[in-house]
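What follows is each chain in one-letter form.
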Amino acid sequence: MTVSIQDYAVLNNGVKMPRLGLGVWKVTDPGDVERAIHAAVQTGYRSIDTASFYKNEAEVGQAIRSCGVPREELFITTKIWNEDQGYDKTLAAFEESRKRLGLEVVDLLLIHWPGKDKYIDTWRAFEKLYREGFVRAIGVSNFQIHHLNKLIEASEIVPAVNQVEFHPLLTQKELLAYTKEKGIQLEAWSPLMQGNLDQPVLKEIAAKYGKTPAQVVLRWDLQHGVVTIPKSITPSRIAENADIFDFELTAEDMDRIDSLNQNHRFGPDPDQLLF
């Protein structure tokens, strides 16, 4: 049972990754980025997830330098965007991300989307960056099982993480089982369904535990062994999202939440976002 905000998952290369992190998608105002990250680290968060596509890496870098927590205690993720895929372009794009973040080493680097035909070459660049010590772990985002199979067959290093859209309306049970079998840590983006939490089952379960529907969903993530990175810029909501370590959902309640699945995506389908 995950009992503390300090709890972590151990990735397939031994690196420790916090089970709860802060997402900063669509947060571009420097003041908002700083307030969100400062509030998060004061609450106990140690993981921050950004991407070159979010256009806020420089602001994230500034915020983590000014947050009062030593760099070595933080876990920073960024991602290579679609148009930067390919071996040489990936290496150049990573260097730009590293400069914007102001970091010598990035904790986790992800391929943002699989796309059509460049992710194998992109992964070769990731393997180089990993071996040279510029990143502590490498992984992917939005990869389906067939993408992962192709990548693993063509590569030397198995991805440490697969960050995907994962929530009660999109439970991705086959993908979750596959990643567990392969030793790949599944991570949830948009775990709170972009605010679409008005589900009677979630409200009923939340009332039972004296929690909010959001807290119930985040707890559900953790009990499935999924790392979760809810996004918020509101200090009170950031603290609320972290108040999930003092209760445990029963197996019956886990099943009831699982049963909400509709295979519904709020974001793009990875098999249709081709570039």
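Whatever comes next refers back to the structure up there.
Residues numbered from 1 in each chain as written. Predicted model: local features only at pLDDT ≥ 70, side-chain atom pairs only at ≥ 80, totals over all residues. Heavy atoms only, no water.

Caption draft 1: Just the packing of helix α2 (residues 57–66) against helix α3 (residues 87–101), in detail. The interhelical angle for the contact between α2 and α3, taken along N-to-C directions, is 40°, at an axis separation of 7 Å. The angle between the axes of α2 and α3 places the two elements in the oblique class. Mapping the contact onto sequence places E57, A58, V60, G61 and R65 in α2 and S97, R100 and L101 in α3. Residue classes in the contact of α2 with α3 are distributed as 3 nonpolar, 2 polar and 3 charged. (Axes fitted to C-alpha atoms, helices over the stretch in contact; angles between N-to-C directions. Helix = DSSP H or I, 4+ residues; strand = E, 2+ residues; numbered from the N terminus. Parallel < 35°, antiparallel > 145°, perpendicular 65-115°, else oblique. Contact = heavy atoms within 4.5 Å. Nonpolar A, V, L, I, M, F, W, Y, C, P; charged D, E, K, R; others polar.)

Caption draft 2: Region of interest: the environment of G183. Within the secondary structure layout, G183 lies in the loop between α6 (173–182) and β9 (185–189). In this structure the C-alpha to C-alpha distance between G183 and E72, which are 111 residues apart in sequence, comes to 25 Å. Dropping the residues within four chain positions of it, G183 is found in contact with N12 and A160.

Caption draft 3: The arrangement of the sheet that holds strand β8 (residues 161–165) in detail. Read across the sheet, 8 strands follow the order β3-β4-β5-β6-β7-β8-β9-β10 without closing on themselves; strand pairing throughout is parallel. With one partner strand each, in any of the chains shown, β3 (22–23) and β10 (227–228) form the two edges of the open sheet. Across 4 bridges, strand β5 (residues 75–80) lies against strand β6 (residues 106–111) in parallel orientation. Bridging from a neighbouring strand, T78 pairs with L109 of β6. (Pairing = 2+ DSSP bridges.)

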